[in-house]
Amino acid sequence: MIGHLAYAAGSPCPTLVLDARDLPREEGPLLAALTESRRWLEAGGAGHVLKIALVEPSRHPLFDLDYRFVQALPAAVDRFDVRGSCGHSILASITAVSRTGLVHRLGPGVRNRVRVLNNGDHLVCEVDEVDRDQVEFTVHFVRNPPTPVEGLLLTGEPRTRLDVAGRRVDVSLVSAGNPYVFVDAAGAGVASRDELFADDPVLMARLLDIRAAAAAHLGWPAESVFPKVAVVLPDEHGTLAARAISVPSWHPTLALTGAACLGAATGIEGTVPWLAAREVGCVDGRVGIATPGGTTSVTAATVFRDGTRELAWISVSHKVVTFHGSFFVEPLARFQLKEIGGCLSLPA
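What you see is a predicted model; the values in this text were computed from it and never measured.

## What about the overall build of the protein chain?
Within the protein chain, the regular secondary structure consists of seven helices and 18 strands. Relative to the globule expectation of 20 Å for 348 residues, the C-alpha radius of gyration of the protein chain, 20 Å, shows essentially globular dimensions. The dimensions of the protein chain, computed from C-alpha atoms along their principal axes, are 65 × 40 × 35 Å. The buried share of the protein chain, reckoned over its 348 residues, is 55%. In the protein chain, the share of contacts with a sequence separation of at least 24, taken over all contacts with a separation of at least 6, comes to 62%. In the structure as shown, the protein chain presents an accessible area of about 14,900 Å², 51% of it carried by carbon and sulfur atoms. Distance between charge centroids for the protein chain: 3 Å, based on 32 positive and 38 negative side chains.

See below:
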């Protein structure tokens, strides 16, 4: 079976892109096959590849690509999380399979519509620029129909108080793209952008404790990577400074889904991001997000209907993907053999 590697700038690692049509549909056999692949990758020195994208032509007439995300966990080669999505991996997938004919050849203005099977998200990925090995995208998270912003609150309230290691911490639990726990400066125990961006193991441990407390509060599995956690601070440059944890370390920037979720949360009155955005004067749905790995911009478009604010779409721009190449994934070769009329043959 042929696999593809592509890397979206700002992601913790490259994505392994596979054709879902040649893999088992049932979760148990699928994860068993992916376990074999992880062992093979580790033996070849690619154990750092922890993101797997399963793609195929969409079965829905309004979409181009069906996408399923599998997060490999570093604890063991047979550990995975299939609860969420990954925007960086979606862009890596489009970049990779455009070379196989699975989607249209990429060029400025070309759009691919993606249906995320993990969580039902709908994305439109628009090409801004393309050269031999790199593609720059603007990504639109489309809410159709628009969603009341209060419906994005996992607890139904803009801030939730958690008991974290004997102290009370106010957080905002928001789900858009992926579920996130947003923490302010006081909750994170930092006073400045420099402190936030420092490689501080005490801060990381504190954030992991907050994430675990949020998962327990929601009744979610402790071993899951969701909800994710991010600190949001007003920045002196008129942007929001953000720091997040990925698998298994600091995120070099902020997940694309995290940027989308943060952008959406700035439009929900009373949340940690809403308060931070107003402190720096971002009140129109447009916000710059500064991270240790660079700055990105997010636009969250909301509309009023019957007196209710609704989220229509979120756009994240200037996302660059580099194609690393294609290769034969030996452990998965057997799945490309299909029995037809009692004989084994390669699929057409």
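Structure's up, so let's keep going.
## Description of the environment of S246
Within the secondary structure, S246 sits in the loop between β13 (240-244) and α6 (256-265). Taking the C-alpha atoms as reference points, S246 and V229, 17 residues apart in sequence, are found 8.7 Å from one another. Filtering out sequence-adjacent residues up to four positions away, S246 remains in contact with P12 and H251.

## Structural notes on the pattern of salt bridges
This structure, assessed with the given rule, holds twelve salt bridges. In this structure, E310 engages R305 in a salt bridge whose closest nitrogen and oxygen atoms are separated by 3.0 Å. Note on R305: relative accessible area 41%, which makes it partly exposed.

## A few points about unusual backbone geometry
The peptide bond linking N144 to P145 adopts the cis configuration, its omega dihedral lying at 0°. Looking at the element boundaries, P145 is found in strand β8 (residues 134-148). For the bond from F226 to P227, the omega torsion is 0°, close enough to zero to count as cis. Structurally, P227 can be placed in the loop between α5 (201-218) and β12 (228-234). Of note in the backbone geometry, D306 takes a positive phi value of approximately 55° without being a glycine. Tracing the chain through its elements places D306 in the loop between β15 (294-305) and β16 (308-328). We classify D306 as exposed; its relative accessible area is 77%.

## Section: helix α7 (residues 272-279)
Of the residues making up α7, those classed as buried are V272, P273, W274, A276 and A277. Buried residues in α7 make contact with β10 (167-176), β11 (178-183), β12, β13 and α6. For α7, the N-terminal cap is T271; the gap from its side-chain oxygen to the backbone nitrogen of W274 is 3.1 Å. Looking one or two places after α7, you find G281, whose phi comes out positive at around 85°.

## Quick notes on the nonpolar core
Note on soluble globular proteins: their nonpolar side chains tend to be buried together. Counting residues in hydrophobic clusters, the biggest one holds 62 residues, and the most contacted among them are Y67, C125, F137 and F182. Counting residues per element, this core draws most heavily on α6, at seven residues. With residues up to four places along the chain from it excluded, the contact list for C125 reads I90, L91, I94, V110, R111, N112, V114, F137, T138 and V139. Among the nonpolar cores identified, the runner-up in size contains 27 residues, and A20, L41, V49 and F80 belong to it.

## Quick word on helix α2 (residues 87-97)
Along α2, eleven of the eleven residues are buried, which leaves the element largely enclosed by surrounding structure. All of the buried residues in α2 are G87, H88, S89, I90, L91, A92, S93, I94, T95, A96 and V97.

## What to know about the pairing of β12
Residues in a regular strand project their side chains so that they alternate between the two faces of the sheet. With six of its seven residues buried, β12 lies for the most part within the structure. With four bridges connecting them, β11 and β12 associate as parallel partners. In the strand pairing of β12, Y180 is matched with K228. Pairing analysis gives five bridges linking β12 to β13, with the strands arranged antiparallel. Residue pairing for β13: P234 is matched across the bridge by L240. Taken together, β12 and the strand that follows it, β13, pair antiparallel across an intervening segment of five residues, in which G238 is found at a positive phi of about 80°.

## Structural notes on empty space enclosed by the protein
Evaluated as defined, the whole model comprises three cavities of 30 Å³ or more. Taken as a whole, the largest cavity encloses approximately 50 Å³ of empty space. Around the largest cavity sit P12, K51, S85, C86, G87, H88, K228, H251, A255, L256 and T257, which together line it. Per-class residue counts for the lining of the largest cavity are four nonpolar, five polar and two charged.

## As for the packing of aromatic side chains
Here the structure, examined in full by the defined rule, presents three aromatic pairs. Measuring from ring centre to ring centre gives 5.6 Å for Y180 and F182, while their planes differ by 15°; the resulting arrangement is stacked. The same class applies to Y180 as to F182, namely buried. Looking at R38, its charged tip hangs above the ring of F80, at a distance of 5.7 Å from the centre. Between R243 and the ring centre of W250, over which it is positioned, the NZ or CZ distance is 3.9 Å.

Reading guide: rules and limits
- Residues numbered from 1 in each chain as written.
- Predicted model: local features only at pLDDT ≥ 70, side-chain atom pairs only at ≥ 80, totals over all residues.
- Heavy atoms only, no water.
- Helix = DSSP H or I, 4+ residues; strand = E, 2+ residues; numbered from the N terminus.
- Rg over C-alpha atoms; globule rule 2.2 N^0.38 Å.
- Buried < 20%, exposed > 50% of the residue type's maximum accessible area, 1.4 Å probe, protein only.
- Contact = heavy atoms within 4.5 Å.
- Areas by Shrake-Rupley, 256 points an atom, 1.4 Å probe, with all protein chains shown as cover.
- Lys, Arg positive; Asp, Glu negative; His and termini not counted.
- Charge placed at Lys NZ, Arg CZ, Asp CG, Glu CD.
- Salt bridge = Lys/Arg side-chain N within 4 Å of Asp/Glu carboxyl O.
- Polar contact = N/O pair within 3.5 Å; in protein donor to acceptor, adjacent residues only side chain to side chain.
- Core = buried A, V, L, I, M, F, W, Y, C linked by side-chain atoms within 4.5 Å.
- Pairing = 2+ DSSP bridges.
- 1 Å grid on protein atoms, 1.4 Å probe; cavity = no way out; pocket = protein on both sides within 12 Å on 5 of 7 lines; lining within 4 Å.
- Points joined across faces, edges and corners; volume = space filled by probe spheres on them.
- Nonpolar A, V, L, I, M, F, W, Y, C, P; charged D, E, K, R; others polar.
- Phe/Tyr/Trp six-rings, centres within 6.5 Å; stacked < 30°, edge-to-face > 60°.
- Lys NZ or Arg CZ within 6 Å of the ring centre and 35° of its normal.

Everything listed here is a matter of coordinates, which is why it stays silent on function.
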